[in-house]
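Here are the chains, one letter per residue:
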Amino acid sequence: NMSITTQKILVLFAHPRYENSRIQFSLVKAIKSLPHVKIHDLYEEYPEFNIDIKKEQELLLAHDIIIWMHPFYWYSAPPIMKQWIDLVLEYGWAYGKNGTQLKDKIIFNCISSGGPKESYQKDGFHGFTVHEFLRPFQRTATLCNMQYIAPYFVHGSHRISDEELNQHAIKFKNILSKLSKNDFDLEELKSINYLNDIN
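Attention in this report is confined to the structure presented alongside it. (Residues numbered from 1 in each chain as written. Predicted model: local features only at pLDDT ≥ 70, side-chain atom pairs only at ≥ 80, totals over all residues. Heavy atoms only, no water.)

Moving on to the pairing of strand 3 (residues 65–71). Of all 7 residues in strand 3, 7 are buried; the element is thus mostly enclosed. Note: strand 1 (residues 9–13) against strand 3, 5 bridges, orientation parallel. Paired with I9 across the bridge in strand 3 is I65. Each parallel crossover has a hand, and for strand 3 linked through helix 4 (residues 79–88) to strand 4 (residues 106–112) it is right-handed. (Buried < 20%, exposed > 50% of the residue type's maximum accessible area, 1.4 Å probe, protein only. Helix = DSSP H or I, 4+ residues; strand = E, 2+ residues; numbered from the N terminus. Pairing = 2+ DSSP bridges. Right-handed = clockwise from strand over helix to strand, strands pointing away.)

Below is the structure:
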C-alpha cells in the first residue's frame, strides 16, 4: 500500500492495578510520545464501569487501528474490557443489519502474561495456544467486519529482566510507528503468529 495517509491508533487500555504492572506500564510509557496514538485508560475513565457508549463509539470512528491492551486475566481480559465489548459494539452499529461503522478497521490484542511462551502450546502447561484463547476476540472483530491481526504478546512477565522489557518496549513502539505510517502488509500481519515477529 503506497498511500501515505496516517493511521490513527486507539489504545483501549485495561489494567485494574496499573501501578503494579511493570510490563504494561513500560509498554504504555514507550508509546505515549508517538503522534497519532491515543491511550484510553478504561479503568481510569470509568471507575464505576459506567461506560459512555456514544463517546466510545465516536472514539472508534475517529481511529483506524484499535488495540485491546490488557493483561491475560484467566485466559481473557479484565472485566471492564468485556463490559466495553458488550456495550459499545452495538447491533446495527458495529454488526448485524446496517452495522458497518467499523468496517475494515484493524484491531489486535496486546497482552502480557506470566507464563512462558512454551506453556501456551498443545502439549504445554495451558494446553492451548494463545490464539485459541483469543478466539472470542477474533470472532468479535470478524463479526464487526474488522481486520483482526496477530497479537503482540509479552510472555513470562514474572521473570522478565529490565533489559528484555526494554527491548519489548522499543519493539512495540517501532511496530506502532510502522502501523501508523501504513507501512505494512495486512495479509502478513494476519498470518504471523505474533506481531512481535514482524521486522
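From this point, the narrative continues.
So, on to helix 4. Taken residue by residue, helix 4 has I80, M81, W84, I85 and V88 as its buried positions. Taken around the axis of helix 4, the buried residues stretch over an arc of 145°, which confines them to a single face. Residues of helix 4 that are buried in the fold lie against strand 1, helix 2 (42–45), helix 3 (53–61), strand 3 and helix 6 (135–143). (Arc of directions from axis to C-beta. Contact = heavy atoms within 4.5 Å.)

Time to look at the pattern of salt bridges. Throughout the structure, instances matching the rule amount to 5 salt bridges. Between E187 and K190 there is a salt bridge, with the nearest N and O atoms lying 3.9 Å from each other. On the criterion of helical spacing, the pair formed by E187 and K190 is a turn pair, its members being 3 residues apart in helix 8 (residues 186–191). Note on K190: relative accessible area 35%, which makes it partly exposed. (Salt bridge = Lys/Arg side-chain N within 4 Å of Asp/Glu carboxyl O.)

In short, shape yes, function no, at least from these values alone.
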